[in-house]
Amino acid sequence: ASGVLRRQAVSFFQGNRHLLSALVGSVMEAVPAEGTVLDLYAGVGLFSVSLAAAGRTGIVAVEGDRESGADLLRNAAPWRAGLQARVAMVEDHLRRDRLRPATVIVDPPRAGLSREVLAALPGLGAARILYVSCDPPTMARDARHLLDAGYRLASVAGFDLFPTTPHVESVALFQGQGDTHL
């Protein structure tokens, strides 16, 4: 199976091909080698498919946008032994599914996480949450909720994917009480 991600023109995808591998690498390095992974707002599968292609299993990817979700299903198909792709609103998925992931990746739209997702995340009991954001103010707002819920901000990395604009892509690692991977 190839490591190529395919997408429809209407599906969101990071446009800066020069820094894309650094962004993906940052997320992949922060995901421990073992334990289940829940990728919320998975888009076409940038992080979940990359993890699966690297040999990771126990991954569930959730995308609510119909077009991006169709791309996710197609891109995840070669890795179905270790990657379950689901087209559903993140809020609906969190209400229905009782998965207790070791790691959660969230890459929400510019508006950040909804109140419902923010309220549900700590209850998942994940040892670590990786928050990928293109909007520092909404990430800061959401980070406050995660910190108040007992997570610790372990690191933040910035990626200037949008030169000459005020937008900076960032990856923040939040560690919970049960995170033994330092």
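Bear in mind the structure is a predicted one, so any value in this text is a computation, not a measurement.

A. Looking closely at the overall build of the protein. Check the secondary structure of the protein and you find six helices and seven strands. When the elements of the protein are put in sequence order from the N terminus, they spell out α-β-α-β-α-β-α-β-α-β-α-β-β. Here the protein, with 182 residues, has 48% of them falling under the buried criterion. In the structure as shown, the protein presents an accessible area of about 8900 Å², 56% of it carried by carbon and sulfur atoms.

B. How the structure looks around the environment of A88. Among the structural elements, A88 can be located in the loop between β3 (83–87) and α4 (90–96). Taking relative accessible area as the criterion, A88 reaches 11% and is therefore assigned buried. As a C-alpha pair, A88 and Y41 span 47 residues in sequence and 9.6 Å in three-dimensional space. If near-sequence neighbours (up to four positions away) are discounted, A88 is found in contact with V62, E63, G64 and R96.

C. Molecular detail of the pairing of strand β5 (residues 128–133). Of all six residues in β5, six are buried; the element is thus mostly enclosed. Neither face of β5 is left uncovered, since the one carrying R128, L130 and V132 and the one carrying I129, Y131 and S133 both have all their residues buried. Bridge count between strand β4 (residues 103–106) and β5: four bridges; the pairing is parallel. When the sheet's bridge partners are listed, V104 is paired in β5 with I129. With helix α5 (residues 115–120) bridging β4 and the parallel β5, this β-α-β connection has right-handed handedness. Pairing between β5 and strand β7 (residues 169–175): six bridges, direction antiparallel. In the strand pairing of β7, V132 is matched with V171.

Criteria and cut-off values
- Residues numbered from 1 in each chain as written.
- Predicted model: local features only at pLDDT ≥ 70, side-chain atom pairs only at ≥ 80, totals over all residues.
- Heavy atoms only, no water.
- Helix = DSSP H or I, 4+ residues; strand = E, 2+ residues; numbered from the N terminus.
- Buried < 20%, exposed > 50% of the residue type's maximum accessible area, 1.4 Å probe, protein only.
- Areas by Shrake-Rupley, 256 points an atom, 1.4 Å probe, with all protein chains shown as cover.
- Contact = heavy atoms within 4.5 Å.
- Pairing = 2+ DSSP bridges.
- Right-handed = clockwise from strand over helix to strand, strands pointing away.

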